[in-house]
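Chain and residue survey
Chain residues, written in single-letter form:
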Amino acid sequence: MANSIRTCLWFRDGRGREAAEFYCALLPESRIEATFDISGDGTSWLIDFTLGGVPYQILDAGPMFTLTEAVSISVETDDQAETDRLWAALTTNGGEESHCGWLKDRYGVSWQVFPRRLTELTLRSEKNVSAKAIAAMMKQKKIDIAEIEALLEALKS
């Protein structure tokens, strides 16, 4: 087996394949690899897919378990434009914004979407700069890196 480890997301509403197709359309290096009717009658499905080169699985098997924020898909984007594009797509049609770059999509899956620059700013060796960047991030829903950088620049003056 090429990928013997996968994160498995439990879906309860019969929309697992729809969700996997939606996710794969959002990110490069993504594809549905296989679907299996595990019930034999089309009521429960196992969907293996790769998202941004990372293997995932959706088990669409009924109401026994629910998705929670305890598991999220974290996407570090190349820039603000990519953050904005993913944020808009994931919060459309019933998705919900949260705080600090977190959101929940229309299927109930939690995501963290943020530009790579945020990691650079929050992990700086200058602890005062890092702390200020984190404090600014904590006030945002969708990460606005220009706003954080402007705040840090103003602190220099």
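Read on for a plain summary of the structure. (Residues numbered from 1 in each chain as written. Predicted model: local features only at pLDDT ≥ 70, side-chain atom pairs only at ≥ 80, totals over all residues. Heavy atoms only, no water.)

Things to note about the overall build of the chain
To keep it simple, the criterion reads: Here a helix means four or more residues in a row that DSSP labels H or I, a strand means two or more in a row labelled E, and each is numbered from the N terminus. Working rule for contacts: check all heavy atoms of both residues, and any pair within 4.5 Å makes them a contact. Each accessible area is a Shrake-Rupley estimate made with a 1.4 Å probe; only the visible protein chains count as cover when residues are assessed. Charged-residue counts in this description rest on Lys and Arg as positive and Asp and Glu as negative, His and the chain ends being excluded. Where a charge lies is defined by one atom per residue type, namely NZ (Lys), CZ (Arg), CG (Asp) and CD (Glu).
Across its full length, the chain carries 5 helices and 8 strands. Along the chain, helices and strands appear, N-terminal first, in the series β-α-β-β-β-β-α-β-β-β-α-α-α. The long-range share in the chain, meaning contacts at least 24 apart out of those at least 6 apart in sequence, stands at 56%. Total accessible area computed for the chain in this model is approximately 8,800 Å², and 53% of it derives from carbon and sulfur atoms. In the chain, 17 side chains carry a positive charge and 24 a negative one; their mean positions are 5 Å apart.

Points about the environment of Gln140
To keep things clear, this is the line we draw: Any pair of nitrogen or oxygen atoms within 3.5 Å is treated as a polar contact; in protein, a donor-acceptor pairing is required on top of that, and neighbouring residues in sequence qualify only through side-chain atoms on both sides.
By secondary structure assignment, the location of Gln140 is in the loop between helix 4 (127-138) and helix 5 (145-156). Considered as a pair, Gln140 and Ser98 are 42 residues apart in the sequence and their alpha carbons are 8.9 Å apart. Excluding residues that lie within four positions of it along the chain, Gln140 makes contacts with His99, Cys100, Glu147 and Ile148. A polar atom in the side chain of Gln140 sits 2.9 Å from the backbone nitrogen of Asp144.

Some points on the pattern of salt bridges
To be explicit about the condition: What makes a salt bridge here is a side-chain nitrogen of Lys or Arg within 4 Å of a carboxyl oxygen of Asp or Glu, nothing more. Burial classes follow relative accessibility: with a 1.4 Å probe on protein chains only, a residue under 20% of its type's maximum area counts as buried, one over 50% as exposed, and anything between as partly exposed.
If you walk through the whole model with that rule in mind, you get 13 salt bridges. Across the salt bridge formed by Glu21 and Arg17, the nearest N and O atoms sit 2.9 Å from each other. Taken together, the positions of Glu21 and Arg17, both in helix 1 (residues 16-26) and 4 residues apart, correspond to about one turn of that helix. The exposure class of Arg17 is partly exposed, given its relative accessible area of 39%. Several salt bridges share partner residues, and in doing so they unite Arg6, Arg31, Glu33 and Asp48 into one network.

Notes on helix 2 (residues 80-91)
Let me state the cut-off plainly: By definition here, a helix of n residues has an expected span of 1.5 Å times n minus one. To obtain the arc, one takes the directions from the helix axis to the C-beta atoms.
Under the 1.5 Å per step criterion, the end-to-end length of helix 2 is 16 Å for 12 residues, consistent within 8% with the ideal 16 Å. Looking only at helix 2, the buried set comprises Gln80, Thr83, Leu86, Trp87, Leu90 and Thr91. Take helix 2 and look down its axis: the buried residues cluster within an arc of 130°, on one side only. Residues of helix 2 that are buried in the fold lie against helix 1, strand 5 (72-77), strand 6 (96-97), strand 7 (102-104), strand 8 (110-115) and helix 5. Put simply, Asp79 is the residue that caps the front of helix 2, since its side-chain oxygen is 3.3 Å from the backbone nitrogen of Ala81.

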